[in-house]
Amino acid sequence: VVAGPLLTLVVFNAKKRLIKLDLAIIGIIQICFLVYGLTTMTVARPAYIAFVVDRFVVMPANGLSPEDQAEATDPRYRSAGWLGPDWVFVERPTDQEGLMEAFESGLAGKDLEYFPKYYRPYGEHSAEVLKRAWPLALLRGQNPVWDDWINALESKHGAEQILFLPLKAKLADMT
């Protein structure tokens, strides 16, 4: 968006003999920037919103290795979708070997959300997710800007009706 007009401003001279060539080169450079930007957005798009233990984690498409995706027990999780992130529940391993693998990979910085073989459909486990949710009142005072909003929600729906869970993403954590 910026490179094309800026380069045009730098090289444009109506009296210049090869102005058409200069503008064609600038057009090619802009197309290259566009392709690079679209590729970056495609590769880093959010593929899954995974519930892990007590939080949600946004998993980008490039965060999962092809080897780990190939091990997914459910074929839906062997490749990232294109129509927005899929909500998944990450089931903790129960066997000794799986627990040890999860422990060792966690120490190396690769937690359970990086293993599609533990992904399960979110809808089937939503009751388990609700058990891990916290009352909205715990957010009061964390960010004073939101206190009025929290109070309005509680007065409208009742304090016991509203729960929250943390959401971990690459750039910012949310609730």
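Residues numbered from 1 in each chain as written. Predicted model: local features only at pLDDT ≥ 70, side-chain atom pairs only at ≥ 80, totals over all residues. Heavy atoms only, no water.

What follows covers the environment of Y122. You can see Y122 is positioned in the loop between β4 (119–121) and α5 (126–132). The spatial distance from the C-alpha of Y122 to the C-alpha of A137 is 26 Å, given a sequence separation of 15 residues. The residues contacting Y122, other than those within four sequence positions of it, are F56, W87, V88, F89 and V129. (Helix = DSSP H or I, 4+ residues; strand = E, 2+ residues; numbered from the N terminus. Contact = heavy atoms within 4.5 Å.)

According to the stated counting rule, one finds 7 salt bridges in the structure shown. With its nearest N and O atoms 3.5 Å apart, the salt bridge here joins K117 to E71. Taken together, the residues K117 in the loop between α4 (96–107) and β4 and E71 in the loop between α3 (66–70) and β3 (86–90) connect sequence positions 46 residues apart. (Salt bridge = Lys/Arg side-chain N within 4 Å of Asp/Glu carboxyl O.)

What follows deals with the sheet that holds β3. The strand order across the open sheet built from 5 strands is β4-β3-β1-β2-β7, with neighbouring strands paired in mixed fashion. In this open sheet, the two edge strands, each paired with only one partner strand, are β4 and β7 (167–168). Taken together, the 3 bridges between β3 and β4 define a ladder with antiparallel strand orientation. Paired with V90 across the two strands is Y119, which belongs to β4. (Pairing = 2+ DSSP bridges.)

Moving on, we come to the packing of helix α1 (residues 3–11) against helix α2 (residues 19–43). Running from N to C, α1 and α2 point in directions that differ by 160°, and their axes come no closer than 9 Å. Compared by their axis directions, α1 and α2 come out roughly antiparallel. Crossing hand, α1 versus α2: right-handed. Residues A3, G4, P5, L7, T8 and V11 of α1 lie in contact with α2, whose contacting residues are I19, D22, L23, I26, I29, Q30 and F33. For the contact of α1 with α2, the per-class residue count stands at 9 nonpolar, 3 polar and 1 charged. (Axes fitted to C-alpha atoms, helices over the stretch in contact; angles between N-to-C directions. Parallel < 35°, antiparallel > 145°, perpendicular 65-115°, else oblique. Left-handed = near helix turned anticlockwise from the far one by under 90°. Nonpolar A, V, L, I, M, F, W, Y, C, P; charged D, E, K, R; others polar.)

Pairing of strand β1 (residues 46–52) with β3 involves 5 bridges; the strand directions are parallel. For I49, the partnering residue across the bridge sits in β3 and is W87.

Attention now goes to the nonpolar core. Grouped together as the largest cluster of nonpolar side chains are 18 residues, with contacts concentrated most on Y48, V90 and Y119. Where this core is concerned, the elements lending two or more residues are β1, β2 (55–60) and β3. Ranked by the residues each element gives to this core, the list is headed by β1, at 4 residues. When neighbours within four sequence positions are excluded, V90 is seen to be in contact with A50, F51, V52, L112, E113, Y118 and Y119. Of all hydrophobic cores here, the second largest spans 8 residues; its members include I49, F51, V129 and L167. (Core = buried A, V, L, I, M, F, W, Y, C linked by side-chain atoms within 4.5 Å. Buried < 20%, exposed > 50% of the residue type's maximum accessible area, 1.4 Å probe, protein only.)

This model, assessed by the stated rule, comprises 11 aromatic pairs. For the ring pair Y48 and Y77, a centre distance of 6.1 Å and an interplane angle of 70° mean the geometry is edge-to-face. Note that Y48 is positioned in strand β1 and Y77 in the loop between α3 and β3, a separation of 29 residues in sequence. Just as Y48 is buried, Y77 falls in that class too. (Phe/Tyr/Trp six-rings, centres within 6.5 Å; stacked < 30°, edge-to-face > 60°.)

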